[in-house]
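Structural description and commentary
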Amino acid sequence: MKVEFIDEDDLKVRFILTEANPAFANSWRRAMKSLVPTMAVDYVDIYMNTSLLYDEIIAHRIGLVPLKTDLERFNMQDKCVCGGEGCPSCQVSLRLNVEGPKMVYSGDFVSDDPETTPVYNNIPVVQLYEGQQLMIEAIARLGTGREHSKFQPVSVCAYRIVPEIVVEDCDGCEKCIEVCPRNVFEMENGKAIPAKVIECSLCYECVKECPLDAIKIDEETGKFLFMVEGIGQMPMRTVMRKALDILKEKAEEMNKIIEEVSL
Amino acid sequence: MFPIRCFSCGAVIAHKWEEYLAKLKEGKSAKDALNELGIDRYCCRRMFLTHKSVIDEFARFRGAVG
C-alpha cells in the first residue's frame, strides 16, 4: 500500500492510494469518518438562560462547534482511569457567562484546558439582547463519529477508482474527446491519449462511442483517488494515520479471535 | 440563528456567515461572495442562500408575552 498526495492544504487533501483493494479503501474511508475520536461538547449545564433560544437549541449548537483535539492527552471515557466518571484526562469544561446586548461567539468560551479551544472563534452561537443573560458550563469529551456526527474529524471523505485506460490503434477521429464529460482525453500526434485518468468517472461513454472499439477500461487497478476534507480538530495527516492505527488494532483482534476458534 | 454546520455534508460553515453578510453589503452578488469564501459544494451554498434569521423578528416581541 502506498499513498501519493496530489494536493494538500490545512483542511482539504486529495491523494492516490495504490497497491490496495476496494475492501481496504472502503474500510479506511469508514475508519476516518466513524472511528477516529475527537473532542466535542456532550453535556451542558445551563445555570441561566434568558435568551430567545431554548436551552436544548443552545446545547445542540454548542455541541456542533468543533474543538481542537490532542489525541495523545485524552482517553475515551469508557477506557479512562476514572472509570467513566469524568476527570482531567478524559474531559474538559468550557465556561461562559455573558450578558446582552451581545452576539455570543464560540471564542467567548473559557476553557479549562488552554489547548482544547474552539477551532474557529467567530462562530455565532446566540444573539443576546438588552438584559438577557447566559451562564453555561459545557463539558467536552472524546467520542467517535459512529456515536454522533459532531465527533467526525472529516466532513467529506470519499474515494473513487482510478482506472487504466488503454487506447489501441486510434485513428484520431476525436469522438472520445467530444463525448467525455470529464475531458480525460487529449490529442497527441494524431492519436487520443488518456491524459487525465484521475478525472475519469467510469461512465464508459468513450468505449460506447469509439467507432473502432479501440478503447479499453480496466477498473481493477488497485488505485483509488481519495478526496478528504477535514473539520479542523486535528491535522488531516493525523486523522489518516489514526484511522490506520485503529484498523490495524481491529485486524489484530480479528487474528486473535480466528486463532482461538481454529484451535 | 445561522446553522453551525451544513445539514448535508457536516462541514462547519457558520464562521463564514458574518463575512458573507459583509460581502453582500459591499454589493457583491451571492454567487461571487460564496466563491470568494470557498464554499464550493451546492449543499453548503444553499445553506447560505436560503437562510432567514428569525431571531431579530422574535426580538421585536420580547417582553410582549410572558
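Rules of the game
Residues numbered from 1 in each chain as written. Chains lettered and ligands numbered in written order. Predicted model: local features only at pLDDT ≥ 70, side-chain atom pairs only at ≥ 80, totals over all residues. Heavy atoms only, no water. Helix = DSSP H or I, 4+ residues; strand = E, 2+ residues; numbered from the N terminus. Rg over C-alpha atoms; globule rule 2.2 N^0.38 Å. Buried < 20%, exposed > 50% of the residue type's maximum accessible area, 1.4 Å probe, protein only. Areas by Shrake-Rupley, 256 points an atom, 1.4 Å probe, with all protein chains shown as cover. Lys, Arg positive; Asp, Glu negative; His and termini not counted. Charge placed at Lys NZ, Arg CZ, Asp CG, Glu CD. Contact = heavy atoms within 4.5 Å. Pairing = 2+ DSSP bridges. Axes fitted to C-alpha atoms, helices over the stretch in contact; angles between N-to-C directions. Buried area = accessible area lost by both parts, 1.4 Å probe. Salt bridge = Lys/Arg side-chain N within 4 Å of Asp/Glu carboxyl O. Polar contact = N/O pair within 3.5 Å; in protein donor to acceptor, adjacent residues only side chain to side chain. Core = buried A, V, L, I, M, F, W, Y, C linked by side-chain atoms within 4.5 Å.

**Here's the deal with the overall build of chain B**
Along the backbone of chain B there are four helices and zero strands. Listing the helices and strands of chain B from first to last along the sequence gives α-α-α-α. Relative to the globule expectation of 11 Å for 66 residues, the C-alpha radius of gyration of chain B, 14 Å, shows a markedly less compact shape. Each principal axis of the C-alpha distribution contributes one length, and for chain B these read about 45 × 30 × 15 Å. Residue burial in chain B is summarised as follows: out of 66 residues, 41% are buried. Surface summary for chain B: the accessible area is close to 4000 Å², and the carbon and sulfur share equals 55%. The centroid of the 12 positive side-chain charges in chain B is displaced by 4 Å from the centroid of its 8 negative side-chain charges.

**Structural notes on the overall build of chain A**
Of regular secondary structure, chain A possesses five helices and 14 strands. Taking all 263 residues of chain A together, 41% fall into the buried category. Long-range pairs, those at least 24 residues apart, make up 70% of the contacts in chain A with a sequence separation of at least 6. In the form shown here, chain A has an accessible surface area of approximately 14300 Å², with 48% of it arising from carbon and sulfur atoms. Taken together, the 29 basic and 44 acidic charged side chains of chain A have centroids lying 1 Å from each other.

**Section: the sheet that holds strand β9 (residues 154-161) of chain A**
Residues and elements named next belong to chain A. Across the sheet, four strands lie side by side as β1-β2-β14-β9; this open sheet has antiparallel pairing. Unpaired on one side and paired on the other, β1 (2-8) and β9 mark the two borders of the sheet. The average angle at which neighbouring strand axes cross in this sheet is 20°, direction not considered. Two elements, β1 and strand β2 (residues 12-18), share six bridges in a ladder whose sense is antiparallel. Residue pairing for β2: Glu4 is matched across the bridge by Ile16. The sheet contacts of helix α1 (residues 22-34) involve β1, β2, β9 and β14 (224-230), and relative to β9 the element is tilted by about 175°. Its contacts with the sheet place helix α5 (residues 236-261) against β1, β2, β9 and β14, and it is angled at close to 160° to β1.

**Side note on the interface of chain A and chain B**
The partner chain B presents 19 residues to the 25 residues of chain A that form the contact. The junction of chain A with chain B conceals about 1900 Å² of combined surface from both sides, 60% of it contributed by carbon and sulfur atoms. Among the residues chain A hides against chain B, the three largest losses belong to Leu52, Arg61 and Tyr129 of chain A. Together they make up 27% of the total. At the surface where chain A touches chain B, the tally comes to two salt bridges. For the salt bridge of Glu229 of chain A with Arg41 of chain B, the shortest nitrogen-to-oxygen distance reads 2.7 Å. Summed over the shared surface of chain A and chain B, the result is seven residue pairs in polar contact (both at pLDDT 80 or more). Secondary structure elements with two or more residues in the side of chain A that touches chain B: α2 (55-64), β5 (102-105), β7 (124-128) and β9 of chain A.

**Looking at unusual backbone geometry**
Residue and element names in this part refer to chain A. Cis peptide bonds are those with omega within 30 degrees of zero, and the linkage from Gly100 to Pro101 qualifies with 0°. Backbone geometry at Glu19 places phi at a positive 55°, although glycine is not the residue there. Mapped onto the fold, Glu19 is located in the loop between β2 and α1. Backbone geometry places Asn183, a non-glycine residue, at a positive phi of 55°.

**Overview of the pattern of salt bridges**
Across all of its chains, the model carries 18 salt bridges over all chains by this definition. Here Asp40 of chain B makes a salt bridge to Lys12 of chain A, at a shortest N to O gap of 3.3 Å. Residue Asp40 of chain B is located in the loop between α2 (30-37) and α3 (42-49), and its partner Lys12 of chain A is located in strand β2; the two belong to separate chains. Between Asp113 of chain A and Arg73 of chain A there is a salt bridge, and its shortest N-O distance comes to 2.4 Å. Of the two residues, Asp113 of chain A is situated in the loop between β6 (110-111) and β7 and Arg73 of chain A in the loop between α2 and β4 (91-99); the sequence distance between them amounts to 40 residues. Under the relative-accessibility criterion, Asp113 of chain A is labelled buried at 11%. One network of salt bridges, in which partners are shared, links Asp42, Arg141, Glu147 and Lys150 of chain A.

**A closer look at the nonpolar core**
One recurring pattern in soluble globular proteins: nonpolar side chains tend to sit buried together. Counting 48 residues, the largest nonpolar core has Trp28, Met32, Leu134, Phe226 and Val228 of chain A as its most contacted members. Dropping the residues within four chain positions of it, Leu134 of chain A is found in contact with Met48, Asn49, Ile58, Leu96, Asn97, Val98, Val104, Val126 and Leu128 of chain A. Counting 24 residues, the second largest nonpolar core, distinct from the first, contains Ile123 of chain A together with Ile39, Met47 and Phe48 of chain B.

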